[in-house]
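Commentary on secondary and tertiary structure
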Amino acid sequence: MSRKRILFDTDPGVDDAMALLLALASPELEVVGVTTVFGNSTVEATTRNALNLLHFAGRTDIPVARGAARPMVLPLDRTAEHVHGEDAMGNIGWHALLHPDLKPIDRPAAQFIAATIMAHPGEITLVAVGPLTNVALALQLEPRLVHAVREVVIMGGTVSTPGNVSPVAEANLYADPHAAAVVFNAGLPLTMVGLDVTMQVKMDDSHFARLRQAGRFGQFVAQIVPFYQEAHRRRYGYPNGQIDTHDPSAMAYAIAPSLFAGERWSMTVVTDGPARGMTIADRRRRFLNTPAAYCLMHVDAPRVAQLITERLAAAGA
Ligand code: BDR
Ligand code: CA
């Protein structure tokens, strides 16, 4: 089986950590690089967490490129430590690097993304699960990316599910709506793994009890998740330690696309005002002539939760 080559753009983040470990635990994928962005916390913290996660996983061979510290146009006005913890890793005390030799490569994320994709035309799948700033900057540096990238899979946006940071917006697109507009307007082979599916795929105490008894990856996820579970209980009143599996569901799509289904619609992203970060899909196929994205709308939710749990449970045993 030839493995799908993944560049992972991320703002770890509890669910980002789950997605990265899921990718590393999956034989269908080969992670060729990790790029970091502000989002769930500052880019200093998300870069530290990415480096620590790869160290924990024994994969310091994978390069980490540090990316944007703020949105393209707007000031940085929101991070999400209230959801992911002060260390953005569920308050496990990751306030420093786990090893003094850990460091990002010298190239900034946008340059690294552009160079990696252009060096392997048609081969790289970019999975982006944070604000889209690095991806937009990479497109500005190298517009030919549009044709050179195999697929861009984003966790972000929503077609018909209410927003999670405003009535209409999902957090990653709200965080940098101008970057999101660049990405949606570029004409990329773009798949949107939005709240329409990621809020259907729940994991709960039963999954995490299993992971607590499993190998190292599973135990680690069981350790970082309680703060995130509590944030979901406070925000949505979810029972039984339920969480939404945003970023791991996006990675699950890269692993097993047949567990999902969607539609291609022309899209536009709102950059300003009360609908900041809203993704508008032309579901009647009449009103927009903007580039289309493949928007996932249906998912075999129990099987995706099972895939995530089984892969994490088996890894690092
Ligand atoms: C997205 O926002 C971040 O908090 C999560 O890591 C995920 O990427 C969900 O809206
Ligand atoms: Ca994320």
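Predicted model, so just to flag it, every value in this text is computed and none were measured.

Some points on the coordination of the calcium ion (ligand 2)
Around the calcium ion (ligand 2), the protein contributes the donor atoms Asp11 (OD), Asp16 (OD), Asp16 (OD), Val129 (O) and Asp247 (OD), at 2.3 to 2.7 Å from the metal centre. One chain supplies every donor for the calcium ion (ligand 2), spaced along it as D-x4-D-x112-V-x117-D. With a gap of 118 residues between them, aspartate 11 in the loop between strand S1 (4-10) and helix H1 (14-24) and valine 129 in the loop between strand S4 (124-128) and helix H5 (133-141) connect regions that are remote in the sequence. Residues aspartate 11 and valine 129 agree in their burial class; the two are buried.

Observations concerning the pattern of salt bridges
Evaluated as defined, the whole model comprises 10 salt bridges. Arginine 285 is paired through a salt bridge with glutamate 263; the nearest N and O atoms lie 3.2 Å apart. Linking arginine 285 in the loop between strand S10 (279-281) and strand S11 (292-299) with glutamate 263 in strand S9 (residues 260-269), this pair joins segments that are 22 residues apart in sequence. Counted as one network, the salt bridges with shared partners bring together Arg5, Glu30 and Glu123.

Examining the site of ligand 1
Every residue lining ligand 1 is accounted for by Asp15, Asp16, Asn40, His84, Val129, Met155, Asn164, Glu170, Ala171, Asn172, His246 and Asp247. Between ligand 1 and asparagine 164, the relevant distance is 2.8 Å, taken from an oxygen atom to a side-chain nitrogen or oxygen of the residue. The separation between an oxygen atom of ligand 1 and a polar side-chain atom of asparagine 172 is 3.0 Å. Calculation on ligand 1 without its partners gives an accessible area of 280 Å², and the protein chains cover 94% of this total. Elements represented by at least two residues in the shell around ligand 1 include exactly H1, helix H7 (171-175) and helix H12 (246-255).

What counts and what doesn't
- Residues numbered from 1 in each chain as written.
- Chains lettered and ligands numbered in written order.
- Predicted model: local features only at pLDDT ≥ 70, side-chain atom pairs only at ≥ 80, totals over all residues.
- Heavy atoms only, no water.
- Donors = N, O, S within 2.8 Å, 3.2 Å for Na, K, Ca; no water.
- Helix = DSSP H or I, 4+ residues; strand = E, 2+ residues; numbered from the N terminus.
- Buried < 20%, exposed > 50% of the residue type's maximum accessible area, 1.4 Å probe, protein only.
- Salt bridge = Lys/Arg side-chain N within 4 Å of Asp/Glu carboxyl O.
- Near = heavy atom within 4 Å.
- Polar contact = N/O pair within 3.5 Å; in protein donor to acceptor, adjacent residues only side chain to side chain.
- Areas by Shrake-Rupley, 256 points an atom, 1.4 Å probe, with all protein chains shown as cover.

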